Amino acid sequence: MAKYSLKKGTKAGYNAIAQKDANTVYFCTDTGEIFVGVNPMFDNEVLKSVSLKSTGKALVVTKRNGTTAEVDLESIINGGVITLTGYEKPSQTAAVTEEDTVNEAIGKLEKALDNVGGDAITEVEAGNGINVSTKANHKQTVSVNIKSGDKLLSATGDGIQTNIKLQYDSDTRKIQLLGNSDTLISEFSAADFIKDGMLFDQILTVATGASMAVSFPKGDSHTFTGLTQGHPYLFLEFNDGLGTEQSKTFASCDMNSLIDVYSAGNGLQIGTGSADHTFSIKLDTTHANGLAVTSSGLKLVLASSTDNGALSSVDYQKIQNSDAATEWGSF
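**Describing the sheet that holds strand β19 (residues 248-254)**
In space, the 3 strands of this open sheet follow the order β15-β18-β19, with antiparallel pairing throughout. Strands with a single pairing partner mark the edges of an open sheet, and in this sheet they are β15 (199-206) and β19. Averaged over all neighbouring strand pairs, the angle between strand axes comes to 15°, with direction disregarded. Across 7 bridges, β15 lies against strand β18 (residues 232-239) in antiparallel orientation. Bridge pairing links Ile 203 to Phe 235 in β18.

Printed below as a string of structure tokens:
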């Protein structure tokens, strides 16, 4: 089917067209004449009226002499550009009829497409674990459905995540399993894991007698009995089964068979306190003339006019010379 074009202008403008298009309808607005290509319509007579045929797709033209002619609009409309002036979409769906104008027909089709596209084509049904929002502007949001009250799972922009943490509550002595926002999921007492008590403090020292009061580094003290004097002991302090420090038990372990014990012989001494493993030379303070102990070792100190000490060879020679020059007698 041929494609028709509609053009309008003055008669002079039409006459000036050198090559008229056989598929173009020319409307002369100043004379009222209509031409299809070079062929005049209505015998060049002035039109009386133009109306749309009540049935079919034809334009009815009535001339002043009473004769009429029809213009087949289907051949013109098909494939042409249509401007929907004054178009409004109907509020209700209705079937398209032959009597509908282009605007009415297109409006009914658009309304029908809204109903189909909005409610059927884009309709999403939620399955297990899926949540579908209420449709708005023909759109629905699909998201993961987390069961209300779930303490482990949560959904973020990055996906589904599990929130779980294990911790020990030192106040209640319980091991706890936590979920979202540290929500308590389950807990149980740690007492079942502690059978014989927990070691609280210890000290290694030598027994000073069969009975000995021991002070532990953390401040507690206890008197132990049945000890062997001079033996090294490992003294232990335990809390009760729950570690509440309300009940203490004590134990001693004789380490004599495991530890070589050294004692200070003549001229030696063992330090105490922080130097309890240090050996050093012991000087007799009443007969230590001329002897001294320094970091370099044991040495002799010479005597002076004010201090006792050892004689030098020079002093010894002076004494010998003095004795040789003196004659001893009696009286």
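**Some points on the pattern of salt bridges**
In the structure shown here, the tally under the stated rule is 2 salt bridges. Among the salt bridges present, the one from Asp 182 reaches Lys 165, with a minimum N-O distance of 3.0 Å. Remark: Lys 165 occurs in strand β12 (residues 165-169) and Asp 182 occurs in the loop between β13 (174-178) and β14 (184-189); sequence separation between them is 17 residues. With relative accessibility at 46%, the residue Asp 182 sits in the partly exposed group.

**A word on the nonpolar core**
Grouped together as the largest cluster of nonpolar side chains are 8 residues: Ala 207, Met 212, Val 214, Phe 216, Phe 224, Leu 227, Tyr 233 and Phe 235. For this core, the elements supplying multiple residues, two or more each, are β16 (212-215) and β18. In contact with Ala 207, other than residues within four places in its own chain, are Met 212, Leu 227, Thr 228, Gln 229, Gly 230, His 231 and Tyr 233.

**Thoughts on the environment of Met 255**
Relative to the helices and strands, Met 255 resides in the loop between β19 and β20 (268-270). On the basis of relative accessible area, Met 255 is assigned to the buried category, the value being 15%. A C-alpha to C-alpha distance of 9.0 Å links Met 255 and Leu 204, two positions 51 residues apart in sequence. Beyond its immediate stretch of four places on either side in the chain, Met 255 contacts Leu 204, Pro 232, Tyr 233 and Leu 234.

The rules behind the values
Residues numbered from 1 in each chain as written. Predicted model: local features only at pLDDT ≥ 70, side-chain atom pairs only at ≥ 80, totals over all residues. Heavy atoms only, no water. Pairing = 2+ DSSP bridges. Helix = DSSP H or I, 4+ residues; strand = E, 2+ residues; numbered from the N terminus. Axes fitted to C-alpha atoms, helices over the stretch in contact; angles between N-to-C directions. Salt bridge = Lys/Arg side-chain N within 4 Å of Asp/Glu carboxyl O. Buried < 20%, exposed > 50% of the residue type's maximum accessible area, 1.4 Å probe, protein only. Core = buried A, V, L, I, M, F, W, Y, C linked by side-chain atoms within 4.5 Å. Contact = heavy atoms within 4.5 Å.

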